[in-house]
Amino acid sequence: MSNNIEGKVVVITGASSGLGEATARLLSAQGASVVLGARRVDRLQSLADELTGSGGKAIAITTDVTHCEQVKRLVAAAVQAYGRIDVMINNAGLMPQAPLERLKIDEWNRMIDVNIKGVLYGIAAALPHMQQQKSGHIINVSSVAGHKVGPGFAVYAATKHAVRALSEGLRQEVKPYNIRTTVISPGADATERPNSVSEPDIAEKVRKAYEIAIPAESFARAVAFAMSQPEEVDVNEILFRPTRQEL
Ligand SMILES: NC(=O)c1ccc[n+]([C@@H]2O[C@H](COP(=O)([O-])OP(=O)(O)OC[C@H]3O[C@@H](n4cnc5c(N)ncnc54)[C@H](OP(=O)(O)O)[C@@H]3O)[C@@H](O)[C@H]2O)c1
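What you are looking at is a predicted structure, and each value in this text was computed from that prediction instead of being measured. (Residues numbered from 1 in each chain as written. Predicted model: local features only at pLDDT ≥ 70, side-chain atom pairs only at ≥ 80, totals over all residues. Heavy atoms only, no water.)

Remarks on the overall build of the chain
Then comes step 1: The secondary structure content of the chain amounts to 7 helices and 9 strands.
Then comes step 2: Here the C-alpha atoms of the chain give a radius of gyration of 17 Å, agreeing with the 18 Å that 2.2 N^0.38 yields for 247 residues.
Then comes step 3: In terms of overall dimensions, the chain has a C-alpha envelope of 50 × 40 × 35 Å along the principal axes.
Then comes step 4: The burial tally for the chain puts 52% of its 247 residues in the buried class. (Helix = DSSP H or I, 4+ residues; strand = E, 2+ residues; numbered from the N terminus. Rg over C-alpha atoms; globule rule 2.2 N^0.38 Å. Buried < 20%, exposed > 50% of the residue type's maximum accessible area, 1.4 Å probe, protein only.)

Here it is in structure tokens:
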């Protein structure tokens, strides 16, 4: 029986580490062709080599999601190599937490550029192909912080609320094209994400909070669950946390 993953062409942004990397591994093991985008091309390439070495299909394309043209090039590479794009996973993101009063304006701008504009550019790159195909699946990555706000992560939470709003609007707009949409909101998953915190005292708090983090594969399984439903079933939202996470 088909798992509805085998043979699909899946583009993943932020595939050089963490949740994106774990998802590439799981989907490749289940027979998807994966097209990997991120800035650290050495890491992307060694992942692609590993997956192809195990009999999978994978390509690595250097991509900075803050540049719309580069995200278009990533999707175009998928279509050129495999003839179509079935799933776009807008996963690249960062979380340099700090209270607003520390005025980390450069970090606010980076979060807006990567977490919001990067997702929009992913939609812009994938949508025309999916409209033409009359099929596709766009998966955006929000967070528990897309549902809850707390001191110290107001800007990150704002970007992740924006991802949920965009995903809901997209869901309603793409019905005529037979496109599925899913927004996934993880809690603490063990990845490199805490490294993006630049303030030493906040970094220490985040490291402590991440002691209960669950493996990145928990996210990959959520992606596989949404993808593997029959085509007429559209799983729109998934929110999950470590069992021990309070927030
Ligand atoms: N881990 C968690 O607990 C958690 C919880 C909720 C939500 N999330 C979300 O999950 C997503 C993945 O994060 P992660 O936890 O896997 O963190 P991670 O290990 O730090 O991975 C982040 C990925 O994003 C990529 N990235 C960052 N800036 C980029 C840019 N300008 N262009 C292209 N790629 C860029 C990084 O690749 P390069 O540096 O090579 O470009 C990396 O592959 C993020 O959207 C994050 O907000 C994570």
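A few points about helix α5 (residues 154-173)
Then comes step 1: Taking 1.5 Å per residue as the helical rise, α5 with its 20 residues ought to reach 28 Å, and the 29 Å between its terminal C-alpha atoms agrees with that figure.
Then comes step 2: Taken residue by residue, α5 has Val155, Tyr156, Ala157, Thr159, Lys160, Val163, Ser167 and Leu170 as its buried positions. (Expected span 1.5 Å × (residues − 1).)

Regarding the sheet that holds strand β4 (residues 87-90)
Then comes step 1: Pairing is parallel in the open sheet, where 7 strands are placed in the order β3-β2-β1-β4-β5-β6-β9. The open sheet has two edge strands with one neighbour each: β3 (57-62) and β9 (237-240). Within the sheet, the average angular offset between the axes of one strand and its neighbour, ignoring direction, is 15°.
Then comes step 2: Helix α4 (residues 105-133) contacts β4, β5 (136-141) and β6 (179-186) of the sheet and is inclined by roughly 175° relative to β4. (Pairing = 2+ DSSP bridges. Axes fitted to C-alpha atoms, helices over the stretch in contact; angles between N-to-C directions. Contact = heavy atoms within 4.5 Å.)

Comments concerning the site of the ligand
Then comes step 1: Residues in close proximity to the ligand total 30 residues, the closest being Ser16, Leu19, Arg39, Tyr156 and Thr191.
Then comes step 2: One of the backbone nitrogen or oxygen atoms of leucine 19 is found 2.8 Å away from an oxygen atom of the ligand.
Then comes step 3: The contact in question runs from an oxygen atom of the ligand to an N or O atom on the side chain of tyrosine 210, over 2.8 Å.
Then comes step 4: Starting from 880 Å² of accessible surface for the ligand in isolation, the protein chains cover 95%.
Then comes step 5: When each cavity is represented as a set of grid points, the ligand is found to reside in the largest pocket.
Then comes step 6: Where the shell around the ligand is concerned, the elements lending two or more residues are α1 (18-29) and α5.
Then comes step 7: In terms of residue class, the shell around the ligand is built from 11 nonpolar, 12 polar and 7 charged. (Near = heavy atom within 4 Å. Polar contact = N/O pair within 3.5 Å; in protein donor to acceptor, adjacent residues only side chain to side chain. Areas by Shrake-Rupley, 256 points an atom, 1.4 Å probe, with all protein chains shown as cover. 1 Å grid on protein atoms, 1.4 Å probe; cavity = no way out; pocket = protein on both sides within 12 Å on 5 of 7 lines; lining within 4 Å. Sits in = over half its atoms within 2 Å of the grid points. Nonpolar A, V, L, I, M, F, W, Y, C, P; charged D, E, K, R; others polar.)

Examining the nonpolar core
Then comes step 1: In terms of nonpolar packing, the biggest core is built from 40 residues, with Val11, Ile85, Met88, Leu127, Met130 and Ile138 touching the most fellow members.
Then comes step 2: Those elements giving two or more residues to this core turn out to be β1 (9-13), α3 (68-82), α4, α5, β6 and α6 (200-209).
Then comes step 3: In terms of residue count, α4 provides more of this core than any other element does, 8 residues in total.
Then comes step 4: Filtering out sequence-adjacent residues up to four positions away, methionine 130 remains in contact with Ile85, Asp86, Val87, Met88, Ser135, Gly136, His137, Ile138, Tyr177 and Ile179.
Then comes step 5: Core analysis: the second largest hydrophobic core is formed by 35 residues, Ala48, Ala58, Val141 and Ile184 among them. (Core = buried A, V, L, I, M, F, W, Y, C linked by side-chain atoms within 4.5 Å.)

Some thoughts on the pairing of β6
The side chains of a regular strand alternate between the sheet's two faces.
Then comes step 1: Burial of β6 is extensive: 8 of the 8 residues sit out of reach of the surface.
Then comes step 2: Going residue by residue along β6, you find Ile179, Thr181, Val183 and Ser185 tucked away on one face and Arg180, Thr182, Ile184 and Pro186 tucked away on the opposite face as well.
Then comes step 3: Alignment of β5 against β6, held across 6 bridges, turns out to be parallel. The partner of valine 141 across the bridge, within β6, is isoleucine 184.
Then comes step 4: The handedness of the β5 to β6 crossover, carried by α5, is right-handed.
Then comes step 5: Where β6 meets β9, 4 bridges bridge the pair, whose relative direction is parallel. Within β9, the position partnered with proline 186 by the bridge is phenylalanine 240. (Right-handed = clockwise from strand over helix to strand, strands pointing away.)

Details of unusual backbone geometry
Then comes step 1: Phi is positive for asparagine 4, which is not a glycine, with a value near 60°.
Then comes step 2: As for its placement among the helices and strands, asparagine 4 is situated in the segment before β1.
Then comes step 3: With relative accessibility at 18%, the residue asparagine 4 sits in the buried group.
Then comes step 4: Although it is not a glycine, leucine 103 adopts a positive phi angle of roughly 50°.

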